[in-house]
Amino acid sequence: MTDTFTPQEERDLVAAEYVLGLLEGEALMSARGRAATEPAFAAAVAQWEARLEPLFEGFAEVAPPAHLWESIKRSLDSQEAAGSSVVPLQSRERLWRGWAVAMTAVAAGLALVLALGVAQPDPPPSAPPAEQRAPTLFASLASEDGRAALAVAFEPGRDTMVVTPARLLAATGRDHELWLIAGEGAAPVSLGIVRGPTPRRMPVPAALRGAVAPEATVALSVEPTGGSPTGSPTGPVIASGSVTRV
Amino acid sequence: MWQGAHVDRLAKTGSIERDELAAALGRVAGGSRSALAEVYHKTSAKLFGICIRILGERAEAEDALQDIFISVWRKAGTFDAAKASPITWLAALARNRSIDRKRSQASRAPTSAMGDEAIEVADEAPDALAGLESAEEAGRIALCLGELEERQNRAIRAAFYEGLSYPEVARRLAVPLGTMKSWVRRGLLRLRECLER
């Protein structure tokens, strides 16, 4: 018994499954990427959110224990005392099952080493103390089919990024292009073509430096060799990841 | 997520509370701890209810709620009162974070059957929490869910209220994964059709 759906129905159903939380692993990552980069899919997601919103009324209220607010305050205090650049990575929220996790973790570690170690072999004498610099920001991406997995580390000045491909296999006549989506509803802007297999430092386009921040999304699309001819993604978005503090 | 422009059905006490909450979130974005305390006071019972329902365990739910309010502290600036009601924004944040946490627990635990079309004995005991959903029963979506086949209704509710994934819902209702997807997808199309009627 196989159901066949029109392309519009299929898109709408994946949007509903995404909003309901039925998806996991690669299917979830793919849907997150589409929500960030595909306007028609994002609109379908917003419609399902609106349709299902009344269901929130069905959650019963349960008073949390009195000590919890004190714990939250202590946690905020300790984070502020440690400085805003040392906010812990909320890694548990971003974990998904499967090999993609391991692949991106490998890439993440490599990117961090590169970003933190290799990136500044000769720090200029006027470099500000580390605790005053902006934090390194980081995104990891992996495609559903396993052909692409990479990590991106944005250096504190936001003018360069280190792209570490754990795997990046482009078909003949195709390239992978990296995009930054500043926030919900923002248009993707190209960060450049990425190719494997070696890690590379790449400039971040000057206009994008202000947009490199937590809540932004980095996405990877398949484009004709040399990149999208239109300035927007033309091929499928095969992977995406949130920008997080390190 | 959950930022469609739509009527706020959650702030049952009306627009004053909604406006106060939105204003408090605005002050949180500006760095006010007392505003965060106000948001906590007004919403923590609702959000904790969501965490407990999805995570099924008090200790985990307490950790989740703490994470959620730390996120509110950091992310309040991304709340847009023109696009979402404040309580919906917060409830969606709580639900999404609780589901993420539940999934990452599952990824740390042995997952022998997670991806399989495993068949287990369904829990046929009546849902002890079903009564808690009564507040929503008057809504149009409740009517439309009621028009679905019982198994479709149960599956969609289990996904929403307990954060169950496809394989988990399939095991709950003791059907193969492919069958479950097919039921849910046909149910979702009927639900959409009913809501747009």
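Criteria and cut-off values
- Residues numbered from 1 in each chain as written.
- Chains lettered and ligands numbered in written order.
- Predicted model: local features only at pLDDT ≥ 70, side-chain atom pairs only at ≥ 80, totals over all residues.
- Pairing = 2+ DSSP bridges.
- Helix = DSSP H or I, 4+ residues; strand = E, 2+ residues; numbered from the N terminus.
- Axes fitted to C-alpha atoms, helices over the stretch in contact; angles between N-to-C directions.
- pLDDT = per-residue confidence, 0-100.
- Contact = placed C-beta atoms within 7 Å.

## Some details on the sheet that holds strand β3 (residues 160-168) of chain A
All names here are of chain A.
- Taken in spatial order, the 5 strands make up an open sheet running β6-β3-β2-β1-β9, and their pairing is antiparallel. Because the sheet does not close on itself, it has two edges, and the strands there are β6 (200-203) and β9 (244-245).
- Here 6 bridges tie strand β1 (residues 137-142) to strand β2 (residues 148-154), and the two strands are oriented antiparallel to one another. Bridging across to β2, Ser-140 finds its partner in Ala-151.

## With respect to the sheet that holds strand β4 (residues 174-181) of chain A
All names here are of chain A.
- Read from one edge to the other, the open sheet built from 4 strands follows the order β5-β4-β7-β8, with strand pairing classed as antiparallel. The open sheet has two edge strands, β5 (189-194) and β8 (237-242), and neither has a second partner. Averaged over neighbouring strand pairs, the angle between their axes works out to 25° when direction is ignored.
- Relative to strand β7 (residues 217-224), β4 runs antiparallel, the two being bridged by 8 bridges. By the bridge assignment for β7, His-176 is matched with Val-222.

## Points about the confidence of the model for chain A
Residue and element names in this part refer to chain A.
- The share of residues in chain A with pLDDT of 70 or more is 76%, and the mean pLDDT across the chain is 77.
- Here helix α5 (residues 99-118) stands out as the least confident element of chain A, with mean pLDDT 51; helix α1 (residues 7-20) is the most confident, with 96.
- Contacts from residues 117-125, a stretch scored under 50 in pLDDT, to residues over four places away or in other chains number 3 contacts.

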